[in-house]
Amino acid sequence: MATDADFIDYVHAQAGLGAALESKKMFGEYALYLDGKVVALVCDNQVFLKPTAPGRGLLHEVIEQPPYPGAKPHYLLADALEDTDALRRLLRATADALPLPKPKAAKKAAAKKAPARKPPRG
């Protein structure tokens, strides 16, 4: 079951982070970005926080579960979605604990031109 856009709107409203919290749709599900870092995944209308020590420390009950088959366990946020302050603190603490993403390498399209073909002898 894919995540509903209404649920993403709800998560954004509950987080109270305005434009600082971004969501990007991927394969019918969503990734939540804060400060350019993926802090959570939203799958099947559930929020899965990336595991960090500060995030764990802020959770009253830690439920670890993979957001999709084959994924590493994340912290499943259930009660925290109802508390705007708690959700904001969790997302902010997680973003602060995660490293900045590595910059993407520039594509070298010009350097990889196809070699010129020689005309056939004949």
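Up top you'll find the structure we're talking about.
Residues numbered from 1 in each chain as written. Predicted model: local features only at pLDDT ≥ 70, side-chain atom pairs only at ≥ 80, totals over all residues. Heavy atoms only, no water.

## Structural notes on the nonpolar core
Val39, Val47, Leu77 and Leu91 are the most contacted members of the largest nonpolar core, which has 24 residues in total. Put simply, the parts of the chain that give this core at least two residues each are helix H1 (5-15), strand E2 (29-34), strand E3 (37-43), strand E4 (46-49), strand E6 (74-77) and helix H3 (84-97). If you look at the next biggest cluster of nonpolar residues, it comprises six residues, including Ala31, Tyr33, Cys43 and Phe48. (Core = buried A, V, L, I, M, F, W, Y, C linked by side-chain atoms within 4.5 Å. Buried < 20%, exposed > 50% of the residue type's maximum accessible area, 1.4 Å probe, protein only. Helix = DSSP H or I, 4+ residues; strand = E, 2+ residues; numbered from the N terminus.)

## Things to note about H1
If you check which residues of H1 are buried, you get Phe7, Ile8, Val11, His12, Gln14 and Ala15. Within H1, the buried residues cover an arc of 165° as seen down the axis, which keeps them to one side. Away from its buried face, by an angle of more than 90 degrees, H1 presents the exposed residues Asp6 and Ala13. The inward-facing, buried residues of H1 abut strand E1 (21-26), E2, E3, E4 and H3. Positive backbone phi, at 60°, marks glycine 16, one or two positions downstream of H1. (Arc of directions from axis to C-beta. Contact = heavy atoms within 4.5 Å.)

## As for the sheet that holds E3
Strand order in the open sheet made by the six strands is E1-E2-E3-E4-E6-E5, with antiparallel pairing throughout. The strands lining the two open edges of the sheet, one partner per strand, are E1 and strand E5 (64-65). Strands E1, E2, E3 and E4 of the sheet are contacted by H1, whose axis makes an angle of about 160° with E1. Helix-sheet contacts for H3 involve E1, E2, E3, E4 and E6, and the interaxial angle to E3 is about 130°. (Pairing = 2+ DSSP bridges. Axes fitted to C-alpha atoms, helices over the stretch in contact; angles between N-to-C directions.)

## Some remarks on the side chain of glutamine 14
Residue placement: glutamine 14 occurs in helix H1. Take glutamine 14: its relative accessible area is 16%, and that puts it in the buried class. Residues in contact with glutamine 14, not counting those within four places in the same chain, are Leu81, Glu82, Asp83, Thr84 and Leu87.

## Some points on the pattern of salt bridges
This model, assessed by the stated rule, comprises three salt bridges. Here glutamate 64 and arginine 56 are joined by a salt bridge, their closest N and O atoms 2.8 Å apart. Taking the relative accessible area as the measure of exposure, glutamate 64 reaches 46% and is therefore partly exposed. The class of arginine 56 is partly exposed, set by a relative accessible area of 37%. We note a salt bridge from aspartate 85 to arginine 88, for which the minimum N-O separation is 3.1 Å. Taken as a pair, aspartate 85 and arginine 88 lie in helix H3 at a separation of three residues, close to a single helical turn. A relative accessible area of 29% means that arginine 88 is categorised as partly exposed. (Salt bridge = Lys/Arg side-chain N within 4 Å of Asp/Glu carboxyl O.)

## Concerning the packing of aromatic side chains
The description of an aromatic ring pair rests on the distance of the ring centres and on the angle between the ring planes. This model, assessed by the stated rule, comprises one aromatic pair. Ring geometry for phenylalanine 7 against tyrosine 10: centres 6.1 Å apart, planes inclined by 40°, an arrangement best described as tilted. Of this pair, phenylalanine 7 and tyrosine 10 both sit in helix H1, three residues apart, roughly one helical turn. Among the residues examined, phenylalanine 7 registers a relative accessible area of 15% and is labelled buried. Between the NZ or CZ atom of lysine 24 and the centre of the ring of tyrosine 33, over which it lies, the distance is 4.7 Å. (Phe/Tyr/Trp six-rings, centres within 6.5 Å; stacked < 30°, edge-to-face > 60°. Lys NZ or Arg CZ within 6 Å of the ring centre and 35° of its normal.)

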